[in-house]
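For reference, the chains in residue letters:
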Amino acid sequence: MTILAIDTSNYALGVALLEEKEVLGEYITNLKKNHSVRIMPAIQTLMKDCERVPSDLTKIVVAKGPGSYTGVRIGVTIAKTLAWTLNIPLVGISSLEILAAGPGRYFDGLISPIFDARRGQVYTGLYQVENGELKVIEPDQLTMAVDWAGKLSELDKSVLFVGNDLSIHRERITERLGTQAVFSSITENNPRPSELAMLGKDKQGEDVHTFVPNYIRLAEAEAKWLEAQGKTL
């Protein structure tokens, strides 16, 4: 089994090759650059360096959102195209789950991955590792950061916050949670594409043609268009 994992759902761009139980290669950057220009060269470089060709691949695993609308679309489109062309399974994994998986594995408490969604809002969810497996406690959602912190403060458990956008919301979180809040180190804040591959390794493939991203909310332009048409969301 040789899995190609693709994540362009946020600023961090990541691709990885997982073969059986070995990470053959992994490429990550955290730059505000156009993923549409960089993702295919990244995949090609990784495949070449690992001495693998497309016909070696047995599964594609992609970050399906939430995150940047454009970023999510780029990754999902490439993943669907590759899976369809090679006639191999396609698996989608929550972008937040990927972020929670790495540092959360060794944390005895709850894990809250964070992506900034502007205007005081965050994309987040709540996870916990049980018997070595990452479990969903609260599903991925869009919420105000201050409301989320208030909700977590009522649980009376330590919460590990993970993500490159923590600096934007750290003050609000600390105000509500105090020492209950634990913050990941900067080396843990990039979602690892090798974790993405592991999360999708044993999952069943989805129908390539009906597979869609999980945006959680519509893009602002789409929402305004629906409002102009007199339609409700």
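To keep things clear, this report deals only with the structure shown in the data block. Just so we're clear, the structure is a prediction, and the values are computed from it rather than from any experiment.

Thresholds applied
Residues numbered from 1 in each chain as written. Predicted model: local features only at pLDDT ≥ 70, side-chain atom pairs only at ≥ 80, totals over all residues. Heavy atoms only, no water. Core = buried A, V, L, I, M, F, W, Y, C linked by side-chain atoms within 4.5 Å. Buried < 20%, exposed > 50% of the residue type's maximum accessible area, 1.4 Å probe, protein only. Contact = heavy atoms within 4.5 Å. Helix = DSSP H or I, 4+ residues; strand = E, 2+ residues; numbered from the N terminus. Expected span 1.5 Å × (residues − 1). 1 Å grid on protein atoms, 1.4 Å probe; cavity = no way out; pocket = protein on both sides within 12 Å on 5 of 7 lines; lining within 4 Å. Points joined across faces, edges and corners; volume = space filled by probe spheres on them. Pairing = 2+ DSSP bridges. Axes fitted to C-alpha atoms, helices over the stretch in contact; angles between N-to-C directions.

Among the nonpolar cores identified, the biggest contains 51 residues, and L4, I6, I39, I43, I60 and L90 are the most heavily contacted of them. Excluding its chain neighbours within four sequence positions, the residues that come into contact with I43 are L4, I6, V15 and I78. In this structure, I114, A149, L152 and F161 belong to the second largest nonpolar core, which totals 15 residues.

Our focus in this paragraph is helix α2 (residues 69-86). Over its 18 residues, α2 extends 26 Å from the first C-alpha to the last, a length consistent with the 26 Å expected when each residue adds 1.5 Å. Those residues of α2 that fall on the buried side of the exposure criterion are Y69, G71, V72, I74, G75, V76, I78, A79 and A83. Looking at the buried residues of α2, the elements they touch are β1 (2-7), α1 (35-49), β4 (59-63), β5 (90-93) and β7 (121-130).

If a probe as big as a water molecule is rolled over the atoms, it shows which places are left empty. Size it by volume and the second largest pocket reaches roughly 350 Å³. Every element with two or more residues in the lining of the second largest pocket is listed here: α3 (95-104), β8 (133-144) and α6 (193-200). When residues in the lining of the second largest pocket are grouped by element, the largest group, three residues, is from α6.

A sheet is described by the order of its strands in space; here five strands give the open sequence β3-β2-β1-β4-β5, paired in mixed fashion. The outermost strands of the open sheet, each flanked by one partner alone, are β3 (22-30) and β5. With direction set aside, neighbouring strand axes in the sheet form an average angle of 15 degrees. As judged from the four bridges shared by β1 and β4, these two strands associate in the parallel manner. Bridging from a neighbouring strand, A5 pairs with V61 of β4. Each of β1, β4 and β5 is contacted by α3, which is oriented at about 75 degrees to β5, the strand it contacts most.

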